[in-house]
Amino acid sequence: MSELVRESPAAGPGTGGARWLVEAVRRLGGRPAVALALAAVPVGLFLAGVVSWLIDWRLGVDSAVYRSGAVALLTGEPLYDKDFLSAEPPWARLPFTYPPTGALLFVPLALFPTQVSWGLLAAISVLALALVVRIVLHHLPERPTWMTPASTTVVVTVLALAIEPVWRTLFLGQINLVLMALVVVDVLVLGQVRRVGGVLVGVAAAVKLTPLVFVPHLWLVGRRADAVRAVVTFVLLQALIFAIIPHDFARFWSVAVTDPERTGPTFWAGNQSLHALILRLTDLAPWSLAAAIGVGALLAVPAVILVRRFHLRGQPVQALLVTAFFGLLLSPVTWSHHYVWVIPLLVLLSSRLPEPLPSGAARVRALAGVGAIVAVYASCVLLIMRSSDPNRPAGEKPELEWTPPEFLLGSSYLLVPLVAGVLVLARARRGTG
């Protein structure tokens, strides 16, 4: 029989609002070795940003665009009228693709040089990842004895750097880990805090539209006031930015938001969404987006069923992950680095490992889930696929010439949630889920 450790009822999920998290941070101060280990990576990343600024090393292509969007907002430069912004360095000439409210929330980055802002964002991102791991652990109170909260948070945060969505997020200066933390805190922590729940989901959606998928999630789990609050927060931020830069507001919502190609060709191998898969399978058929929306609508039915089932069984992490991965599949553009949600999934699967681990074939079966996830997302398989390159002639589109094995490997990121969903539904029908 597995040996499991359970947190005290007073610290159990759904109780005491955010007090348990405050207490966990306070206890961290009494464990300097753990605190030092947790701080080592973010401090190192920030220092790397400073050094990279001093030697003019190119780091943080996407964070350079974020910072330039903030500079444009402060100086009155239009965000969407040109293919790149004037504050972007020569090695990061990319269009600003986020909502204008994103530029508003990126303003702190404008206070630092480009590479230093990358280091700052990377450091915050690692701390956000650690926060996500700690919150997920709290909501998985039954786990093997070796999964103690403090040490597991540090170990998982460090090992997560080997997972491609995580290290690519950090290298590019992406915002994925911060947005995930905002959603996790809102959904798993703030549900017990009156008049606050939903606000962080609204803020995350104002930075990047895809977190809007968590508004119906809040509604499905019975937090209807929080769902409304998320929408109100999002709308108020839109109203604020309209008052500040009405031209950019109108330009984004009338032109930029309807152009997924603004982020780059959507058929690229790095795009692991249903839309990209259908584009590659149909040689860029013009009806691909409509087909992807149709498939997404069909997948919404089992997704809703699973969210409700997990919620009613008191499994909020599982319910949250269903919505997160459904959102990744549904979005027209889901780059590989958006799959940072695989980290809480790995924590969940690790918590279900038997203790002690069996031997032989039974051990292989026990580790199959964790092993498969690591094999897919740490293998960097998408980097070795035949894929488009901006330096090649414009007519070359290797993704459209993939063989069946290449399609399987080149779609592995998006196949994981699809296969996992099928397995969960099959276990539920057998009564073993």
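Provided above is the structure to which this section pertains.
A short tour of the structure in this document, coming up. Only a predicted model underlies this, so the values are computations on that prediction, with no experimental measurement involved.

Thoughts on helix α14 (residues 288-312)
Here is step 1 of the chain: For α14, with 25 residues, the first-to-last C-alpha span of 36 Å sits near the 36 Å given by 1.5 Å per residue.
Here is step 2 of the chain: Along α14, the helix axis deviates most sharply at Ala 300, where the bend reaches about 30°; the proline Pro 302 sits within four residues downstream.
Here is step 3 of the chain: Buried within α14 are the following residues: Ser 288, Ala 292, Gly 296, Ala 303, Leu 306, Val 307 and Phe 310.
Here is step 4 of the chain: Summarising the contacts, the buried residues of α14 are in contact with α10 (214-220), α13 (274-281), α15 (316-330) and α19 (412-430).
Here is step 5 of the chain: Following α14 by one or two positions, Gly 314 adopts a phi angle in the positive range, close to 70°.

Notes on the environment of Leu 321
Here is step 1 of the chain: Residue position: Leu 321 is located in helix α15.
Here is step 2 of the chain: On the basis of relative accessibility, which here comes to 5%, the residue Leu 321 falls in the buried class.
Here is step 3 of the chain: Through-space distance from the C-alpha of Leu 321 to that of Arg 93 is 34 Å; in sequence the pair is 228 residues apart.
Here is step 4 of the chain: Each residue touching Leu 321, except ones within four places of it in the same chain, is listed here: Trp 341, Pro 344, Leu 345 and Leu 348.

A closer look at the pattern of salt bridges
Here is step 1 of the chain: One pass over the structure, following the stated rule, counts 8 salt bridges.
Here is step 2 of the chain: The partner of Asp 81 in a salt bridge is Arg 251, with the nearest N and O atoms 3.7 Å apart. Placement of Asp 81 in the loop between α3 (61-75) and α4 (100-105) and of Arg 251 in helix α12 (residues 246-254) is noted, with a sequence separation of 170 residues between them.
Here is step 3 of the chain: Asp 81 gets classed as partly exposed once you look at its relative accessible area, which sits at 39%.
Here is step 4 of the chain: Counted as one network, the salt bridges with shared partners bring together Asp 186, Arg 223, Asp 226 and Arg 229.

Procedures and definitions
- Residues numbered from 1 in each chain as written.
- Predicted model: local features only at pLDDT ≥ 70, side-chain atom pairs only at ≥ 80, totals over all residues.
- Heavy atoms only, no water.
- Helix = DSSP H or I, 4+ residues; strand = E, 2+ residues; numbered from the N terminus.
- Expected span 1.5 Å × (residues − 1).
- Bend = angle between axes of the 7 residues up to and from the residue.
- Buried < 20%, exposed > 50% of the residue type's maximum accessible area, 1.4 Å probe, protein only.
- Contact = heavy atoms within 4.5 Å.
- Salt bridge = Lys/Arg side-chain N within 4 Å of Asp/Glu carboxyl O.

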